[in-house]
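Architecture and fold: a report
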Amino acid sequence: MCLETGRSGKNVKILKKWQKALLAFAYSFIICNLLCMAYESGPGGLYRDHGATSMIHKPNTYYVYGSEGYGVIRFDKNGYNNFDGELDRSYVLLMGSSQVEGVQISQKCHMTSVLNSLLGGTQENLKAYNIAVSANYLPEIIKGFQAGIKEFPDSSAVLIEVGSTTFSIDELEDSLDQIVYDSGSDGANLERNLTMKQRVTGYIKQALPLAKLIVSVQLKDVDLLEGNPFGLLQVSSTPQEKSAVDKKQYGKTLDDIFSLIRSEYDKPIIIFYHPEVVLGSDGMAIIRDEDTYDIFINSCERNGIIFADMGDAMSNAYETAYIVPYGFYNTEIGKGHLNAKGHEIIAQQLYQILVDLW
């Protein structure tokens, strides 16, 4: 009897220890999750087949980005990074990658917002509109160009961002097979037709940013595919070397894609290029793509497209005020995405180009 009582008491102690451990884990998870909500959180993206971009963010939702710079972004009714105003009768349309999506800074400092103000727009009456999303580079922009100008048909100019003048010939050729626009892929329609599973998934991502952060940031280089279920065999990849460019073929391919979008849009098309920078003991150097830079410019000129190099403006900003256009206080200066000053430099240059055109 005493032996059974002793065993029962021991089991109760073990159970209490487990309860305390689980309670401590639950409290820790809740606290970390709350901290992550202020660091990086959001409901995720909506994917589509017949829009200007392959994905948009869930319309009318807030996102917090803190891993590079810091931005609290409210994506608009179309799922893009803009204020919730109405489009003016005359507006310019910005297309591009994460550099123009610009979630690393506040919306008021974004190049679209700065350009909008310079053009006389307000937060309620937009004269500049941004449809850039992450990983939407020149081939993807060309592929979705026709859909973009059909979704936003009243633009007075299209501004296309590139951070390089070198792209895969195969990807550029593939972009000639453009996406056919369908209004069912608009943000409002996508949101309205979300399945219950998609809605629940979005709520979970927003409520549990810690889990999303672990998967997207901590495990981004881990191979979790079949045959390596715990991701222990591969934790990084070796960067591939750049292959030599066939300059003649490259020029022809650029002519093909630029003549295509020129035939689809009879108003100004401006491609603005923001080159890389390197900081050294002698100051800040502008690094351009030597193999393709002239080819790219010449193709733009042949097809009536304005090429705007932001490099000189960036260099001047550094020489006069030691402004570096890339990097943040929580990352490496001169690397990564455009910071608020970089956005401002580009907005001012684009404004001057548009004024000269009009």
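Residues numbered from 1 in each chain as written. Predicted model: local features only at pLDDT ≥ 70, side-chain atom pairs only at ≥ 80, totals over all residues. Heavy atoms only, no water.

A few words now on a positive patch on the surface. A contiguous patch of positive charge, built from K13, K16, K17 and K20, is present on the exposed surface. Tracing the chain through its elements places K17 in helix α1 (residues 2-37). In this structure K17 comes out as exposed when scored by relative accessible area, which is 62%. (Patch = residues over 30% accessible without salt bridge, like charges linked within 9 Å, V, L, I, M, F, W, Y side chains within 5 Å. Areas by Shrake-Rupley, 256 points an atom, 1.4 Å probe, with all protein chains shown as cover. Salt bridge = Lys/Arg side-chain N within 4 Å of Asp/Glu carboxyl O. Lys, Arg positive; Asp, Glu negative; His and termini not counted. Charge placed at Lys NZ, Arg CZ, Asp CG, Glu CD. Helix = DSSP H or I, 4+ residues; strand = E, 2+ residues; numbered from the N terminus. Buried < 20%, exposed > 50% of the residue type's maximum accessible area, 1.4 Å probe, protein only.)

Let's shift gears to the nonpolar core. M95, L138, F145, I160, F258, I271 and F296 are the most contacted members of the largest nonpolar core, which totals 43 residues. Membership of the second largest hydrophobic core comes to 31 residues, among which are V100, A128, M284 and I345. (Core = buried A, V, L, I, M, F, W, Y, C linked by side-chain atoms within 4.5 Å.)

Our next topic: the pairing of strand β10 (residues 283-287). Where strand β9 (residues 276-280) lies against β10, five bridges are found, and the strand directions are antiparallel. Looking at the pairing, E276 lines up with I287 of β10. Taken together, β9 and the strand that follows it, β10, pair antiparallel across an intervening segment of two residues. (Pairing = 2+ DSSP bridges.)

As summarised here, the arrangement of the five strands in space is β6-β5-β7-β8-β11, forming an open sheet in which the pairing is parallel. At either end of the open sheet lies a strand with only one pairing partner, and these are β6 (125-130) and β11 (306-309). Direction aside, neighbouring strands of the sheet carry axes that sit 25 degrees apart on average. Contacts between helix α11 (residues 293-302) and the sheet are confined to β8 (269-273) and β11, with β11 contributing the most and set at about 145 degrees to the helix. Against the sheet, helix α13 (residues 340-357) contacts β5 (86-95), β7 (155-162), β8 and β11, and its axis sits at roughly 150 degrees relative to β8. (Axes fitted to C-alpha atoms, helices over the stretch in contact; angles between N-to-C directions. Contact = heavy atoms within 4.5 Å.)

Right, let's get into the environment of A147. Mapped onto the fold, A147 is located in helix α5 (residues 145-151). Residue A147 is classed as buried on the basis of its relative accessible area, which comes to 0%. Separated by 95 residues in sequence, A147 and A52 place their C-alpha atoms 4.8 Å apart. Once residues lying within four places of it in the same chain are set aside, the contact partners of A147 are G51, A52, I179 and Y181.

Let us look at helix α3 (residues 111-118). Summarising burial for α3: six of the eight residues are buried, a large majority. Where α3 is concerned, the buried positions are M111, T112, S113, V114, L115 and N116. Each element contacted by the buried residues of α3 is listed here: β5, α2 (98-101), β6, β7, β8 and α13. The first or second residue beyond α3 is G120, which carries a positive phi of 95 degrees.

Any functional reading would require information that these geometric values do not contain.
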